[in-house]
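Here is what each chain is made of, one letter per residue.
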Amino acid sequence: MSTAMATDLTSKQRQILQYLRDNAGTKTYFKSRLIGQELGMTAKEVGSNITALQNGNFDVEIEKWGYSSSTTWKVNI
């Protein structure tokens, strides 16, 4: 990830990206609700911010996978 790209992210987006990087090595699927609980955000905040990460050029691949009690994201590093 380039420095310019990293500075374009909001603090919430940076938190989510770091959380995914830290946890994607042991886990593939993440629920917005559970990410939010870990980071002090709502599931809606996570969902709206994760879209920017999907569209960016980062070292994580994020795919919207399903919706059941909160959106599930498939994450690959």
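Look up: the structure comes first, before these words.
Because the structure is a prediction, the values reported are computed rather than measured. (Residues numbered from 1 in each chain as written. Predicted model: local features only at pLDDT ≥ 70, side-chain atom pairs only at ≥ 80, totals over all residues. Heavy atoms only, no water.)

Both strand β2 (residues 61-67) and strand β3 (residues 71-76) contribute to a ladder of six bridges, which runs antiparallel. Bridged to Glu 63 within β3 is Lys 74. Hairpin connection, β2 to β3: the antiparallel pair is bridged by three residues, and Ser 69 has positive phi, about 65°. (Pairing = 2+ DSSP bridges. Helix = DSSP H or I, 4+ residues; strand = E, 2+ residues; numbered from the N terminus.)

Evaluated as defined, the whole model comprises two salt bridges. Here Arg 21 ties to Asp 59 by a salt bridge, and the two come within 2.9 Å at their closest N and O atoms. Within this pair, whereas Arg 21 is found in helix α2 (residues 11-23), its partner Asp 59 is found in the loop between α4 (43-55) and β2, the two being separated by 38 residues in sequence. Judged by its relative accessible area of 22%, Arg 21 is partly exposed. (Salt bridge = Lys/Arg side-chain N within 4 Å of Asp/Glu carboxyl O. Buried < 20%, exposed > 50% of the residue type's maximum accessible area, 1.4 Å probe, protein only.)

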